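Each chain is listed here by its residues.
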Amino acid sequence: MKPLIAANWKMHKTVAEAEAFCRQIRQMEGQFSGVEVLICPPYTALAAVQKALQGSTIKLGAQNMFWAERGAFTGEIAPSMLRECGVEYVILGHSERRHIFGEDDSLIRKKLAAALSHGLKPILCVGETEEEREEAATERVLEQQLCAALEGLDQGKPGEIVIAYEPVWAIGTGKAAVPADAENAAAWIRQVAARYLPEEDMKALRIQYGGSVTVDNIAEFMALPTIQGALVGGASLEAATFGRLALAAGEAVNR
Ligand code: PEP
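Residues numbered from 1 in each chain as written. Predicted model: local features only at pLDDT ≥ 70, side-chain atom pairs only at ≥ 80, totals over all residues. Heavy atoms only, no water.

Draft legend 1. Molecular detail of helix α5 (residues 105-117). Over its 13 residues, α5 runs 18 Å from end to end, which matches the ideal 18 Å to within 8%, given 1.5 Å per residue. If you check which residues of α5 are buried, you get D105, I108, K111, L112, A113, A114, A115 and L116. Buried residues in α5 make contact with α3 (79-84), β4 (89-92), α4 (95-99), β5 (121-126) and α7 (138-150). G119 sits one or two residues past α5 and shows a positive phi near 75 degrees. (Helix = DSSP H or I, 4+ residues; strand = E, 2+ residues; numbered from the N terminus. Expected span 1.5 Å × (residues − 1). Buried < 20%, exposed > 50% of the residue type's maximum accessible area, 1.4 Å probe, protein only. Contact = heavy atoms within 4.5 Å.)

Draft legend 2. Region of the structure containing the layout of surface pockets. Counted as a void, the largest pocket has a volume near 480 Å³. Partitioned by chemical class, the residues of the lining of the largest pocket number 6 nonpolar, 6 polar and 5 charged. Counted as a void, the second largest pocket has a volume near 160 Å³. G172, S212, V232, G233 and G234 are, among the 16 residues lining the second largest pocket, the residues nearest its centre. Class assignment for the residues of the lining of the second largest pocket results in 5 nonpolar, 9 polar and 2 charged. (1 Å grid on protein atoms, 1.4 Å probe; cavity = no way out; pocket = protein on both sides within 12 Å on 5 of 7 lines; lining within 4 Å. Points joined across faces, edges and corners; volume = space filled by probe spheres on them. Nonpolar A, V, L, I, M, F, W, Y, C, P; charged D, E, K, R; others polar.)

Draft legend 3. Quick peek at helix α1 (residues 15-26). Along its 12 residues, α1 runs 16 Å from first to last C-alpha, staying within 8% of the 16 Å computed at 1.5 Å per residue. Regarding α1, the residues found buried are A18, F21, C22 and I25. An end-on view of α1 places all buried positions within 100 degrees of arc, on one side of the element. Opposite the packed face of α1, turned more than 90 degrees from it, sit the exposed residues A16 and R23. (Arc of directions from axis to C-beta.)

Draft legend 4. Expanded view of the packing of aromatic side chains. Applying the stated criterion to the full structure yields 7 aromatic pairs. Seen from their ring centres, W9 and F21 are 4.7 Å apart, and the 70 degrees between their planes marks the pair as edge-to-face. Of this pair, W9 sits in the loop between β1 (4-8) and α1 while F21 sits in helix α1, placing them 12 residues apart in sequence. Here W9 and F21 have matching classes, each one buried. In textbook terms, an aromatic cluster arises when at least three aromatic residues are bridged by ring pairs, as seen for W9, F21 and F242. Above the ring of W169, the side-chain terminus of R133 is found at 3.9 Å from the ring centroid. (Phe/Tyr/Trp six-rings, centres within 6.5 Å; stacked < 30°, edge-to-face > 60°. Lys NZ or Arg CZ within 6 Å of the ring centre and 35° of its normal.)

Draft legend 5. How the structure looks around empty space enclosed by the protein. Within this structure, the stated rule accounts for 1 cavity of 30 Å³ or more. Of the voids in this model, the largest cavity is the one considered here, and its volume is about 30 Å³.

Draft legend 6. View of the pattern of salt bridges. Under the defined criterion, the tally for this structure stands at 11 salt bridges. With a shortest N-O distance of 3.0 Å, R97 and E103 are connected by a salt bridge. Residue classification places E103 among the buried residues on the basis of a relative accessible area of 7%. Through salt bridges with shared partners, one network takes in E36, K59, E88, K121 and R206. (Salt bridge = Lys/Arg side-chain N within 4 Å of Asp/Glu carboxyl O.)

Draft legend 7. Main features of the sheet that holds β4. Ordered in space as β1-β2-β3-β4-β5-β6-β7-β8, the 8 strands form a closed barrel in which the pairing is parallel. With strand direction ignored, the average angle separating the axes of adjacent strands in the sheet is 25 degrees. By the bridge criterion, 2 bridges tie strand β7 (residues 206-210) to strand β8 (residues 229-232) in an arrangement that is parallel. Following the sheet pairing, G210 is matched in β8 by L231. Its contacts with the sheet put α5 on β4 and β5, and the angle it makes with β5 is roughly 160 degrees. (Pairing = 2+ DSSP bridges. Axes fitted to C-alpha atoms, helices over the stretch in contact; angles between N-to-C directions.)

Draft legend 8. Up close: the site of the ligand. Lining the immediate surroundings of the ligand are 14 residues, of which K10, H94, E166, G172 and S212 lie closest. Side-chain polar atom of N8 to an oxygen atom of the ligand: 3.1 Å apart, as the coordinates give it. Within the side chain of K10, one N or O atom sits 2.9 Å away from an oxygen atom of the ligand. Isolated, the ligand exposes 290 Å² of accessible area, and the fraction of that covered by the protein chains is 96%. Put simply, the ligand lies in the second largest pocket. Residue classes in the shell around the ligand are distributed as 4 nonpolar, 8 polar and 2 charged. (Near = heavy atom within 4 Å. Polar contact = N/O pair within 3.5 Å; in protein donor to acceptor, adjacent residues only side chain to side chain. Areas by Shrake-Rupley, 256 points an atom, 1.4 Å probe, with all protein chains shown as cover. Sits in = over half its atoms within 2 Å of the grid points.)

These figures come from the coordinates and say nothing about function on their own.
What follows is the structure, encoded as structure tokens:
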């Protein structure tokens, strides 16, 4: 099982900038053999990135989607629309969606089920806020988010779910989690997920760490036995930096 190193560009990059990034990263892709590399551009660049990645091993993902197939949902994007753009993965429940746009566990659960039933591989983000961490509530918060998302899930292939442990206080702050804390959180995530996912799916389950991952700290996270990838925001915006990060991740897992 290769670790999944995912670039979350958030609301960055025009189509032209996205195409330039793809040209550059493709020059390095021969060196990414130890990891699976994924790019999640904004919706407007999905089609262009799909074209720019044709024939490449680099995968395409979206940063969000709605759960309905079609209808009066102004501004939203359906799972089938993502599939049509060649999207394979979709990030769901990112903390910016939860905290800035008010997405709750029940909405995220609907999105997760819709993604699976459309053959999309969801990257389910979970994580505690700084306040929750200070109250020693990390395990309770992770458990609540996971139970709400996974209980009774019978659509598609649950084995294709990726879970990203993203402590909210570490996202975009330059303050990454201490590897031992990330390891413990990922172990807890695995324990909770095992209540809902069959053994076979648990074997395939990848848990990513996300939160101020850089070229300098990626190796520490990839060396952890409970972590199988990273969700990367800021350090994914420049192709040379993200390429070096993916390379360092591959080297760390092959060590
Ligand atoms: C993210 O966007 O999910 C993220 C972890 O961002 P950053 O790497 O910038 O902290």
